[in-house]
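Understanding the architecture of this molecule
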Amino acid sequence: MGDVTTGGAGPVRAGPKRVRRAASDRATSDQAALLAAGLAFFIIVLDITVVSVALPSIGRELHGGLAGLEWIVDGYVVVFSALLLSSGTLSDRVGASRALAAGFIGFTLASTACGLAPALPFLLAARVVQGAAAAIMLPASLALVRQAFPDTRKLARAIAIWTAAGGAAVAAGPVIGGVLTGAIGWRAIFFVNVPVGLLGVVALSRVTPSPRRPARFDLPGQIAAIVAVAALAIGVIQGGHQGFGSPVALVSLTVFVFAAAAFVAVERRVAVPMVPLGIFRSKTVSSTTVAGLIVSFAFYGQVFVLSLYFQQALGHSPAVTGLMFVPMTAVVAGVNLLAGRLVQRHGPRPPLVAGQLLFAGGLLGCLAFGHGTPIVVIEFLLIPIGVGAGLTVPPLTTAFMDHIRAGQAGIGAGVLNSSRQLGSALGVAVFGTLLGADFVTGLHLSLLLSAGSMLAAAVLTLRYVQPGLAHAEG
């Protein structure tokens, strides 16, 4: 039956052309939404991986030690992680398409400031602003995908494409970072965000505005979350370099404990919590939240360590270092798409467990790395890590989002991605503390810790993630 509109003369039946035009407009809007969401995820992930390769060059020019280099990564990721929770609420309140547009504009301006940074403190401040803009973009992008593709199987495919955009950034980041740093200088790695951000805004102009949903900001919860995440990162980083018995480390970790407890207490008592703790009654949601933290802890922590290992221990240039990541990262995007099809056929649990086990096995294989390991051996041993990571993220994301009600898509996206970004920050912080005079020893310790964490995630998945898709309504 055709659509019916009403006018002054009474009901009027829409003709076939109008129906086809409406369907075409909806299809265009949906595809533009997926393009904008993919571009957002691309530049967010790009700014984690592209910076890692440039760290030694940034340190030399701006005179930053190892702790300063860690904060170039974690200054972005810590703020990103802490603000993701309330940014999910913002996405629901103003509409995902509007929130994403604001995030694109802020991220583009902050990237320009990073490229123009005259000193390390200025760069760190600009990275903090970048992280805040990224926090707005990520839950909005995933919520936009969730709204554009309400059908469960179409959603799985769309999430796989969205994830593949992040996988493409993982693949391109080290190469772009290495080539631009070697040929032009490290500042160029931030200017590449500008055209991508502008393209994202153009794509959003073709998207049907997202609905606004009633949502209140939980200011006490947000403050507690920011304090907890920042204190944890400071405590781990400073503890690794000054000792965990140092005053800064002890105070920071103590503040983390109290802030985390305050966060839980606030979320239990406020009428409209930033993170409704009831969503964690689903074992699938709670277990994939932890698994997401572990995956990012292992993957991005290793990107940070390997970037320094390739340049400072093996003596390779930034350009060569970027190219050395290609075997590991190039397979991620392709495997992301394969994982989406596997989820449609078998549900999320089988590909998720397989990816986690392959990831852990690849990490253990890299224990063969030493001071004189040939490049060809390194390239070969990195491939299973890329395949495992690529196979893990799409089913993990699908399983989580499939158990979140549509009305809480923004909040859910914020929770999952906050967990993942916190894992990334902790990976950089923890593994950075393991790098002493002998990079190889620190690398081996980080590999063992990463592999053990991935095996624990596989056990968690087998025990608690539901085997099939069970779309959450409402």
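The next subject is the overall build of the chain. Helix and strand counts for the chain stand at 16 helices and two strands. Computed over its C-alpha atoms, the radius of gyration of the chain comes to 22 Å, within 12% of the 23 Å expected for a compact globule of 474 residues. Here the C-alpha coordinates of the chain stretch approximately 85 × 50 × 50 Å along the principal axes. The burial tally for the chain puts 57% of its 474 residues in the buried class. Long-range pairs, those at least 24 residues apart, make up 84% of the contacts in the chain with a sequence separation of at least 6. For the chain, the computed accessible surface area is about 17,900 Å², with 68% contributed by carbon and sulfur atoms. The centroid of the 29 positive side-chain charges in the chain is displaced by 10 Å from the centroid of its 15 negative side-chain charges.

In this section: the side chain of His403. Tracing the chain through its elements places His403 in the loop between α14 (375-402) and α15 (409-434). Residue His403 is classed as buried on the basis of its relative accessible area of 18%. At 2.9 Å, the side chain of His403 and the backbone oxygen of Ala399 are in polar contact.

It is worth spelling out helix α10 (residues 283-313) at this point. Residues separated by three or four positions in an α-helix point in the same direction, a consequence of the helix having 3.6 residues per turn. End to end, α10 covers 43 Å across 31 residues, agreeing with the expected 45 Å (1.5 Å per residue, within 8%). Counting buried residues in α10 gives 25 out of 31 residues, a clear majority hidden from the surface. Looking one or two residues past α10, Gly315 carries a phi angle of roughly 80°, positive in sign.

Going through the model one piece at a time under the given rule, you end up with two salt bridges. The residue Arg127 makes a salt bridge to Asp47 at a minimum N-O spacing of 3.2 Å. With Arg127 in helix α4 (residues 120-148) and Asp47 in helix α1 (residues 16-62), this residue pair connects regions lying 80 residues apart in the sequence. Residue class for Arg127 comes out buried when judged on its relative accessible area of 1%. We note a salt bridge from Arg187 to Glu61, for which the minimum N-O separation is 3.0 Å.

Now for the packing of helix α13 (residues 349-365) against α14. Helices that pack against each other are described as a pair by the angle of their axes relative to one another and the distance between those axes. Closest axis-to-axis distance for the α13/α14 pair is 7 Å, and the angle between their directions is 155°. Classified by the angle their axes make, α13 and α14 are roughly antiparallel. Along this stretch, α13 crosses α14, giving a crossing that reads as left-handed. The segment α13 lies against α14, with Pro351, Leu352, Ala354, Gly355, Gln356, Leu358, Phe359, Gly362, Leu363 and Gly365 engaging Leu381, Pro384, Ile385, Val387, Gly388, Ala389, Leu391, Thr392, Pro395 and Leu396. Partitioning the contact of α13 with α14 into residue classes produces 14 nonpolar, six polar and no charged.

Attention now moves to the side chain of Glu267. Structurally, the position occupied by Glu267 is in helix α9 (residues 247-269). Buried and without a salt bridge, Glu267 has Arg268 as its closest oppositely charged side chain, separated by 10 Å. The contact partners of Glu267, leaving out residues within four places of it in the chain, are Asp218, Gly221, Pro273, Met274, Val275 and Leu277.

Our next topic: the environment of Pro318. Along the polypeptide, Pro318 turns up in helix α11 (residues 318-324). Judged by its relative accessible area of 15%, Pro318 falls in the buried class. Sequence separation between Pro318 and Val264 is 54 residues; the distance between their C-alpha atoms is 43 Å. The contact partners of Pro318, leaving out residues within four places of it in the chain, are Val53, Ser57, Gly178, Thr181, Gly182 and Gln311.

Attention now goes to the packing of α10 against α14. Contact geometry of α10 with α14 gives a least axis separation of 10 Å together with a crossing angle of 155°. Taken together, the axis directions place α10 and α14 in an arrangement best described as roughly antiparallel. The crossing of α10 and α14 is left-handed. In this structure, α10 contributes Thr284, Val285, Thr288, Thr289, Ala291, Gly292, Val295, Phe299, Leu306 and Phe310 to the contact, and α14 contributes Ile378, Leu382, Ile385, Ala389, Thr392, Val393, Leu396, Ala399 and Phe400. For the contact of α10 with α14, the per-class residue count stands at 14 nonpolar, five polar and no charged.

Overall, the coordinates contain ten aromatic pairs when judged by the stated rule. Judged by centre distance (6.2 Å) and plane angle (90°), the rings of Trp186 and Phe190 are edge-to-face. The two residues Trp186 and Phe190 agree in class, both being buried. Taken together, Tyr309, Phe310, Phe325 and Phe369 form an aromatic cluster joined through their ring pairs.

Residue position: Leu144 is located in helix α4. Excluding its chain neighbours within four sequence positions, the residues that come into contact with Leu144 are Ala33, Ala96, Ser97, Leu100, Leu204, Val207 and Ser210.

Attention now moves to the environment of Ala164. On the secondary structure map, Ala164 appears in helix α5 (residues 152-183). For Ala164, the contacting residues outside a window of four places in its chain are Ala333, Asn336 and Leu337.

This next bit is on a nonpolar patch on the surface. A contiguous nonpolar patch, built from Leu219, Ile223, Val227, Val251 and Val255 and spanning about 420 Å² of accessible area, is present on the exposed surface. Looking at the nonpolar patch, the elements with two or more residues in it are α8 (219-242) and α9. Of the residues forming the nonpolar patch, the biggest block, three residues, is contributed by α8. With respect to the helices, strands and loops of the structure, Leu219 is situated in helix α8. According to the relative accessible area criterion, Leu219 is exposed, its value standing at 57%.

Calculation criteria
Residues numbered from 1 in each chain as written. Predicted model: local features only at pLDDT ≥ 70, side-chain atom pairs only at ≥ 80, totals over all residues. Heavy atoms only, no water. Helix = DSSP H or I, 4+ residues; strand = E, 2+ residues; numbered from the N terminus. Rg over C-alpha atoms; globule rule 2.2 N^0.38 Å. Buried < 20%, exposed > 50% of the residue type's maximum accessible area, 1.4 Å probe, protein only. Contact = heavy atoms within 4.5 Å. Areas by Shrake-Rupley, 256 points an atom, 1.4 Å probe, with all protein chains shown as cover. Lys, Arg positive; Asp, Glu negative; His and termini not counted. Charge placed at Lys NZ, Arg CZ, Asp CG, Glu CD. Polar contact = N/O pair within 3.5 Å; in protein donor to acceptor, adjacent residues only side chain to side chain. Expected span 1.5 Å × (residues − 1). Salt bridge = Lys/Arg side-chain N within 4 Å of Asp/Glu carboxyl O. Axes fitted to C-alpha atoms, helices over the stretch in contact; angles between N-to-C directions. Parallel < 35°, antiparallel > 145°, perpendicular 65-115°, else oblique. Left-handed = near helix turned anticlockwise from the far one by under 90°. Nonpolar A, V, L, I, M, F, W, Y, C, P; charged D, E, K, R; others polar. Phe/Tyr/Trp six-rings, centres within 6.5 Å; stacked < 30°, edge-to-face > 60°. Patch = residues over 30% accessible without salt bridge, like charges linked within 9 Å, V, L, I, M, F, W, Y side chains within 5 Å.

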